[in-house]
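# Coordinate analysis (summary)
The residues making up each chain are set out below.
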Amino acid sequence: MKIGIIGAGAIANFLLKEINSKQMKNLHINSILVRDVEKYRTLESSFGVKLYSNLDDFLQSDIDIVVEAANVQAVKTLLPAVMKKKDVVLISIGALADAELLTEISSLVDEYNHVVHLPSGAIGGLDIVQNAHALGSVTNVTLTTRKPASSLIEEIITDEKVIFAGKAVDAIKQFPKNMNVSIVLALAGLGVEKTNVRLVADPHIEKNIHQVDISGDFGEASIKITNNPFPENPKTSYLAAMSILGTLQRMNRNIRIGG
Ligand SMILES: NC(=O)C1=CN([C@@H]2O[C@H](COP(=O)(O)OP(=O)(O)OC[C@H]3O[C@@H](n4cnc5c(N)ncnc54)[C@H](OP(=O)(O)O)[C@@H]3O)[C@@H](O)[C@H]2O)C=CC1
Ligand SMILES: O=C([O-])CC(=O)C(=O)O
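Residues numbered from 1 in each chain as written. Chains lettered and ligands numbered in written order. Predicted model: local features only at pLDDT ≥ 70, side-chain atom pairs only at ≥ 80, totals over all residues.

### Some details on the overall build of the protein chain
For the protein chain, the count of helices and strands is 10 helices and 11 strands. Here the C-alpha radius of gyration of the protein chain, 18 Å, is about what a compact globule of 259 residues would show, namely 18 Å. Taken along its principal axes, the extent of the C-alpha atoms in the protein chain is 45 × 45 × 35 Å. Taking the intrachain contacts of the protein chain between residues at least 6 apart in sequence as the baseline, contacts between residues at least 24 apart amount to 67%. (Helix = DSSP H or I, 4+ residues; strand = E, 2+ residues; numbered from the N terminus. Rg over C-alpha atoms; globule rule 2.2 N^0.38 Å. Contact = placed C-beta atoms within 7 Å.)

### Notes on the sheet that holds strand β4 (residues 65-68)
Reading across from one edge, β3-β2-β1-β4-β5-β6 is the order of the 6 strands in this open sheet, with parallel pairing throughout. Lying at the two open borders of the sheet, with one neighbouring strand each, are β3 (50-52) and β6 (116-117). Where strand β1 (residues 2-6) meets β4, 4 bridges bridge the pair, whose relative direction is parallel. Bridge pairing in β4 places isoleucine 6 opposite glutamate 68. (Pairing = 2+ DSSP bridges.)

### Topic: the site of ligand 1
With respect to spatial proximity, 30 residues lie near ligand 1, and among them Gly7, Gly9, Gly121, Thr236 and Ala240 are the closest. Taken together, the elements giving at least two residues each to the shell around ligand 1 come down to α1 (10-21), α4 (72-83) and α9 (180-188). Looking at the shell around ligand 1, its residues break down into 17 nonpolar, 9 polar and 4 charged. Residue-level mapping places the shell around ligand 1 at the junction of two domains, with at least three residues from each of domain 1 (2-121 + 240-250) and domain 2 (126-234). (Near = placed C-beta within 6 Å. Nonpolar A, V, L, I, M, F, W, Y, C, P; charged D, E, K, R; others polar. Domains from an automatic or database assignment.)

### Brief notes about the domain arrangement of the protein chain
When the domains of the protein chain are assigned, the result is domain 1 (2-121 + 240-250) and domain 2 (126-234). A separation of 24 Å is found between the C-alpha centroids of domain 1 and domain 2. Contacts between domain 1 and domain 2 engage 13 residues on the former and 15 residues on the latter.

### Some details on the packing of α4 against helix α5 (residues 99-112)
Geometrically, a packed helix pair is captured by the angle between its two axes and the distance between the axes. Running from N to C, α4 and α5 point in directions that differ by 15°, and their axes come no closer than 9 Å. Taken together, the axes of α4 and α5 are roughly parallel relative to one another. Note on packing geometry: the crossing formed by α4 with α5 is left-handed. Every residue of α5 that contacts α4 at Lys76, Leu79, Pro80 and Met83 is listed here: Leu101, Glu104, Ile105, Leu108, Val109 and Tyr112. (Axes fitted to C-alpha atoms, helices over the stretch in contact; angles between N-to-C directions. Parallel < 35°, antiparallel > 145°, perpendicular 65-115°, else oblique. Left-handed = near helix turned anticlockwise from the far one by under 90°.)

### Let's talk about the nonpolar core
Ile5, Ile11, Leu15, Val129, Ala168, Ile183 and Leu185 are the most contacted members of the largest nonpolar core, which totals 73 residues. It is α9 that provides the largest number of residues to this core, a total of 7 residues. Inspection of this core shows a minimum of three residues originating in each of domain 1 (2-121 + 240-250) and domain 2 (126-234). Contacts of leucine 15, omitting those with residues within four sequence positions, involve Ile5, Ile29, Val67, Ala241, Ile244 and Leu245. (Core = buried A, V, L, I, M, F, W, Y, C linked by C-beta atoms within 7 Å. Buried ≥ 20, exposed ≤ 12 C-beta atoms within 10 Å, placed from the backbone.)

So this is what it looks like as C-alpha cells:
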C-alpha cells in the first residue's frame, strides 16, 4: 500500500522511520503534503519521499491512501477534497466534533465510496463502547486525561489543577491539540454532547494518562493508559502514532482480532 501523509511532525516522523527506514512489508510512504516544502526538504533524501505543498498534486501522486498527521484545522480545510479521491486515516479526529463537517463527510463517503479510518489513538476501550452502544445500553462514558502541567499550561503550579470539566464538544474547542481522544470516544458511543471529559494539568507526572470509565447494561469498565510522550512533542503520546501504524497493518490482514 502506497501512503501519502499530511504533516511532517512527531507522528509523521515516527511513521517514516518505522515504515520507510525499516522497509516494512506491504507499506511504503511515497508523498508528504506540507505547508512549507523548504522547511522539510531533508525528509526527501532521508526517507526517499516527495514533498508537496499543493493538495491536487499530492492527491495525484503515486498513493493509495492518505494518512492525516497535521491538526484539526488542516482536517477541516482538506478532508472533503481528500475524501473525493482517496481512503483516509485521520488522527486529528477532533475536527469531526463539528456536526456540519461530520454530515458532509458521511455523505461524501457514500457518494465517492471511500473509507475514513479513525484509529484509537492514545486511548483504548472503543470496542467496549461501540459494542455496548450498538444496543443503546451505554449510560455513562467519562474520559479523565492527565498530562504533565508544563505541556498544557504556562503557569507554574505545585498541585494538580483541573483545567477543563465538561462535554467532549467543548473540550476539543479549548484543547484541539490534546483532546482528539475525547472525540473518537464520543463518536464510538454517546456523541460529543454527552461524553464527559476532565483534563488535569499535573506537575508531578511525566506521562500522558488517559482513564476511560464506561457503564451500561453490560456492566462497568475502567481502562487506564499511561502513555510515554514523544520527546519532540510531549503533548502527543507514542501510542497515537502506533495506532496509525496498527490500523495500516491490519488493513492487509484477513484474520481480524477484536471489535
Ligand atoms: N487521536 C489521538 O489520539 C491523537 C491525536 N493527535 C493529533 O495528531 C496531530 C499530529 O500530531 P503531531 O505529529 O504530534 O503534531 P506536530 O505538531 O509534531 O506536527 C504537525 C505537523 O503538521 C503540519 N501541518 C499543520 N497544518 C498543516 C496543513 N494545513 N497542511 C500540511 N501540514 C500541516 C505541521 O507543519 P508546520 O511546520 O507547517 O506547522 C507539522 O509538520 C495533532 O493534531 C495532534 O493533536 C495527537 C495525539 C493523539
Ligand atoms: O496523545 C495524547 O495523549 C492525546 C492527544 O494529544 C489528543 O488526543 O489530541
